[in-house]
Amino acid sequence: MIFPKPDLNPQKIRIVMVSECPPANRTDYFYESGSGAFFQTTKTAFRDAGAVIETYEDLARMGIYLTTAIKCNKTGYLVSAKTIKECALRFLKPELEQFPDIRMILCMGDFAIKAVNYVYKEKYGKSPIPAGSTYKIRKQEYSQNGIRFLPSYTHTGDSFNIEKVKRQMIAEDIQTALAYLKSH
């Protein structure tokens with residue numbers, strides 16, 4: 001099990017970016033090292049969006065927290081819905097509850113979308129993000145109890161630099177999140 005261990009003030013977090021699952025190498029995980037693979041692709045995604053970040057402190061100052069929906073490494077390509085739900089309710093839900101003023105949750109990938117839906121369905125009786133292909137649903141606005149939910153693609157892992165179209169959509173979604181943060 002791997003949990004983020006950031007040094008930040010939970011009261012100042014306004015955006016949570018939920019990626020899919022931890023990397024195989026723990027040193028590549030969020031908040032483990034500024035040179036880890038997950039932070040490097042996050043920096044690139046923000047740069048693509050027109051926002052330069054160099055450190056985790058830069059993100060914290062912006063009010064952004066990074067985490068994963070699943071807290072253990074995948075053993076294969078897919079993860080069962082049961083595992084996603086269990087991880088979401090057992091680990092992601094209390095993790096999100098530590099931030100009292102979340103304005104937006106970026107769901108970076110299918111596992112993240114499912115996990116966030118499980119958390120908020122249990123909490124409020126309704127999933128905030130409808131089922132559907134990410135490219136079809138990502139341009140719509142989904143809000144629930146003062147939080148906007150933005151489905152996107154994963155900005156971590158090997159696939160980030162492979163599909164240029166998805167990388168562009170990730171940048172657009174980060175731009176949307178940053179603009180939303182400024183207006184709220």
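Okay, so let's go over this structure. (Residues numbered from 1 in each chain as written. Predicted model: local features only at pLDDT ≥ 70, side-chain atom pairs only at ≥ 80, totals over all residues. Heavy atoms only, no water.)

This structure, assessed with the given rule, holds 10 aromatic pairs. An aromatic cluster of at least three residues, connected via ring pairs, comprises Tyr31, Phe39, Tyr56, Tyr65 and Phe99. (Phe/Tyr/Trp six-rings, centres within 6.5 Å; stacked < 30°, edge-to-face > 60°.)

With that out of the way, let us pick up the sheet that holds strand 4 (residues 142-144). What the 5 strands build is an open sheet, ordered 2-1-3-5-4; its pairing is mixed. Two strands lie at the open edges of the sheet, namely strand 2 (64-68) and strand 4, each paired on one side alone. Averaged over all neighbouring strand pairs, the angle between strand axes comes to 20°, with direction disregarded. The pairing of strand 1 (residues 15-19) with strand 3 (residues 104-108) spans 4 bridges and is classified as parallel. Residue pairing for strand 3: Val18 is matched across the bridge by Cys107. Of the strands in this sheet, strand 1, strand 3, strand 4 and strand 5 (147-152) touch helix 4 (residues 110-124), which is tilted by about 140° from strand 3. (Pairing = 2+ DSSP bridges. Helix = DSSP H or I, 4+ residues; strand = E, 2+ residues; numbered from the N terminus. Axes fitted to C-alpha atoms, helices over the stretch in contact; angles between N-to-C directions. Contact = heavy atoms within 4.5 Å.)

Our next topic: the pattern of salt bridges. Under the criterion given, the structure shown has 15 salt bridges. The salt bridge partner of Lys71 is Glu95, with a shortest N-O separation of 2.6 Å. Pair noted here: Lys71 is in the loop between strand 2 and helix 3 (81-97) and Glu95 is in helix 3, with a separation of 24 residues, a long-range link. For the pair Lys71 and Glu95, one class covers both residues: buried. Two residues, Arg138 and Glu172, come together in a salt bridge whose shortest N-O distance is 3.0 Å. Residue Arg138 is found in the loop between helix 5 (134-137) and strand 4, and its partner Glu172 is found in helix 6 (residues 164-183); the two are separated by 34 residues along the sequence. Take Arg138: its relative accessible area is 6%, and that puts it in the buried class. (Salt bridge = Lys/Arg side-chain N within 4 Å of Asp/Glu carboxyl O. Buried < 20%, exposed > 50% of the residue type's maximum accessible area, 1.4 Å probe, protein only.)

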